[in-house]
Amino acid sequence: MLTIRNLSQTYPNGVQALKSVTLDIEPGMFGLLGPNGAGKSTLMRTLATLQEPTHGQILFDNKDILQNPNVLRQCLGYLPQEFGVYPKISAYNLLDHLAVLKGVLHKKERKEQVEALLQQTNLYQVRNKSVNTFSGGMRQRFGIAQALLGNPQLIIVDEPTAGLDPEERNRFHNLLSEIGENIVVILSTHIVEDVRQLCSKMAILIAGEIKLYGSPNKLVEALNGNIWHKMISKEQLPHYQQSMQVISTRLISGKTQIAVLADYQPELGFEPAEADLEDVYFATLYQHQHEKGGVHV
Ligand SMILES: Nc1ncnc2c1ncn2[C@@H]1O[C@H](COP(=O)(O)OP(=O)(O)OP(=O)(O)O)[C@@H](O)[C@H]1O
C-alpha cells in the first residue's frame, strides 16, 4: 500500500508542479491521467525517490520513504518517460549488468531471472541483438524487463505507450496487466484508453491537483445520463460552446459531433449517449477550466 499525503513540489523557477497531492494506492494497476504539464512526471520521479518534494509525506507499507529512500529503492521498478541512452550492447548483457546494479549478485539466480524476463517480455529471440537497434516497442518491453529485475513490490511506468503502434501497445498492455495482479503498478499517461483497459483505480491530475479519484467504472456510471450528442456544422460550434457545456468535439466522417454535459436534453436534436471514460476525462478538464471543481466517487 502506497500512501501519499499533502505532497507539494515548487521548482526553483516558481512553477508549482504539485499542490498538496493526497492519494492512497492499493495493489493492482493504478492509472494517473492528466494533460501535458499536469505534474505526472514530477509525481512519478518523486515516488521513485529521484527528487525530493518541497513538502509532504510518502509511506510505503507504513514506512516513510522520504526519510528512508533505500527501503523503497530496494523494491522499486521504474520505467521513466525517457529511458535514456541505448548503448551498443546486447539485450542480454545489458539486463545482466542492470541486474547486478539492482543487487541480484548470485550468478545462477541472475541468469535465471534475466532469461525469464527476456521470455516474459518476448525479447528472448533477440537477446543477442544490440538494444540500440531495437524498435520503440521493443525498447519499451526492454524497459519493463529492467523494471521487473529483483521482484519489485512497486512499479512505476511513465507514459509507456506513447509512440507505439496498436499491436505493440496491445502486447505491452498484456504484459502490464499480468504484472499488476499482486503488486502496486502506477501507470502515468495522457491516453485515456490505456487507463480504461488496464486500471481498477485511477486519478486525474490537472495543474498539480488531484481533480478526480475512483474506479473507472464507477466514474463512468456516475456520468451516465448526463452526456448528450449532436452532429453540427463547424460554424455552429461557437454558438453551442457559448450556450452549453461542450466537453468535447469529435470528427466523424468529416462532420463534427459535440458531447455536451447536461442533466436534461439540452435542446431538440440532442441524443442521449452512453458515457465513457473519455467523457469523464473531458468533463473533468472542462470543469477545471471553468473552475467548478471535481467529483469524488
Ligand atoms: N526541473 C524542472 N524545473 C522547473 N520546472 C519544471 C521542472 N520539471 C518540470 N517542470 C514544470 O512542472 C510542470 C509539471 O511538469 P511534469 O513534467 O511533471 O508534467 P507532466 O504531467 O509529466 O507533463 P508531460 O506529459 O508533458 O511530461 C510543468 O509546468 C513543467 O514545465
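As shown above, the structure is provided for reference.
Residues numbered from 1 in each chain as written. Predicted model: local features only at pLDDT ≥ 70, side-chain atom pairs only at ≥ 80, totals over all residues.

(A) Main features of the overall build of the protein. Counting its regular elements, the protein contains 10 helices and 14 strands. Relative to the compact-globule value of 19 Å for 297 residues, the protein shows a C-alpha radius of gyration of 21 Å, a close match. The dimensions of the protein, computed from C-alpha atoms along their principal axes, are 70 × 45 × 35 Å. Burial statistics for the protein: of 297 residues in total, 37% are counted as buried. Restricting the contact set of the protein to residue pairs at least 6 apart, pairs at least 24 apart contribute 69%. (Helix = DSSP H or I, 4+ residues; strand = E, 2+ residues; numbered from the N terminus. Rg over C-alpha atoms; globule rule 2.2 N^0.38 Å. Buried ≥ 20, exposed ≤ 12 C-beta atoms within 10 Å, placed from the backbone. Contact = placed C-beta atoms within 7 Å.)

(B) The site of the ligand, seen in detail. Taken together, 13 residues sit near the ligand, with Tyr11, Asn36, Lys40, Ser41 and Thr42 positioned nearest. Top element by residues in the shell around the ligand is helix 1 (residues 40–47). It accounts for 3 residues. Classifying every residue of the shell around the ligand gives 4 nonpolar, 8 polar and 1 charged. (Near = placed C-beta within 6 Å. Nonpolar A, V, L, I, M, F, W, Y, C, P; charged D, E, K, R; others polar.)

(C) Here's a closer look at helix 1. Across the 8 residues that make up helix 1, a large majority, 7, are buried. Within helix 1 the residues assigned to the buried category are Lys40, Thr42, Leu43, Met44, Arg45, Thr46 and Leu47. Within two residues after helix 1, Thr49 carries a phi angle of roughly 60°, on the positive side.

(D) The arrangement of the sheet that holds strand 11 (residues 227–232) in detail. The 4 strands are arranged 12-13-11-14 in an open sheet whose pairing can be described as antiparallel. Because the sheet does not close on itself, it has two edges, and the strands there are strand 12 (246–252) and strand 14 (271–272). Together, strand 11, strand 12 and strand 13 (255–261) form the strand contacts of helix 10 (residues 277–289), whose direction differs from that of strand 12 by roughly 135°. (Pairing = 2+ DSSP bridges. Axes fitted to C-alpha atoms, helices over the stretch in contact; angles between N-to-C directions.)

(E) Quick peek at the sheet that holds strand 4 (residues 55–60). Pairing in this open sheet of 4 strands is antiparallel, and the strands run 2-1-4-5 from one edge to the other. Of all the strands in the sheet, the pair left with one neighbour each is strand 2 (16–25) and strand 5 (63–64). Sheet strands touched by helix 1: strand 1 (2–10), strand 2 and strand 4. Its angle to strand 2, the strand with the most contacts, is close to 60°.

(F) Here's a closer look at the pairing of strand 12. Note that strand 12 and strand 13 share 6 bridges and pair antiparallel. Bridging across to strand 13, Ser248 finds its partner in Ala259. With antiparallel pairing between neighbouring strands as the criterion, strand 12 and strand 13 make up a hairpin whose turn holds 2 residues, including Ser253 at a positive phi of roughly 45°.

(G) Representation of the packing of helix 5 (residues 136–147) against helix 6 (residues 166–179) in the model. Where helix 5 contacts helix 6, the axes come no closer than 10 Å and their chain directions differ by 10°. If you check the angle between helix 5 and helix 6, you find them roughly parallel. Here helix 5 contributes Gly137, Gln140, Arg141 and Ile144 to the contact with helix 6, which in turn contributes Glu168, Phe172 and Leu175. Classifying every residue of the contact of helix 5 with helix 6 by side-chain character gives 3 nonpolar, 2 polar and 2 charged. (Parallel < 35°, antiparallel > 145°, perpendicular 65-115°, else oblique.)

(H) Region of the structure containing the nonpolar core. Counting residues in each nonpolar core, the largest one holds 76 residues, and the members touching the most others are Phe30, Ile156 and Leu187. Domain assignment of the residues forming this core places at least three in each of domain 1 (2–86 + 148–214) and domain 2 (221–289). Discounting chain neighbours no more than four positions away, the residues touching Phe30 are Ile25, Val184, Val185, Ile186, Leu187, Cys199, Lys201 and Met202. (Core = buried A, V, L, I, M, F, W, Y, C linked by C-beta atoms within 7 Å. Domains from an automatic or database assignment.)

(I) Up close: the environment of Asn224. Its place among the elements puts Asn224 in the loop between helix 8 (216–223) and strand 11. By C-beta crowding, Asn224 is classed as partly exposed, having 13 other C-beta atoms within 10 Å. Asn224 sits 48 residues away from Pro272 along the chain, and the two C-alpha atoms are 9.2 Å apart. The contact partners of Asn224, leaving out residues within four places of it in the chain, are Glu274 and Ala275.

(J) Up close: the environment of Gln287. Following the sequence through the fold, Gln287 ends up in helix 10. By C-beta crowding, Gln287 is classed as partly exposed, having 19 other C-beta atoms within 10 Å. Placed 137 residues apart in sequence, Gln287 and Gly150 show a C-alpha to C-alpha distance of 42 Å.

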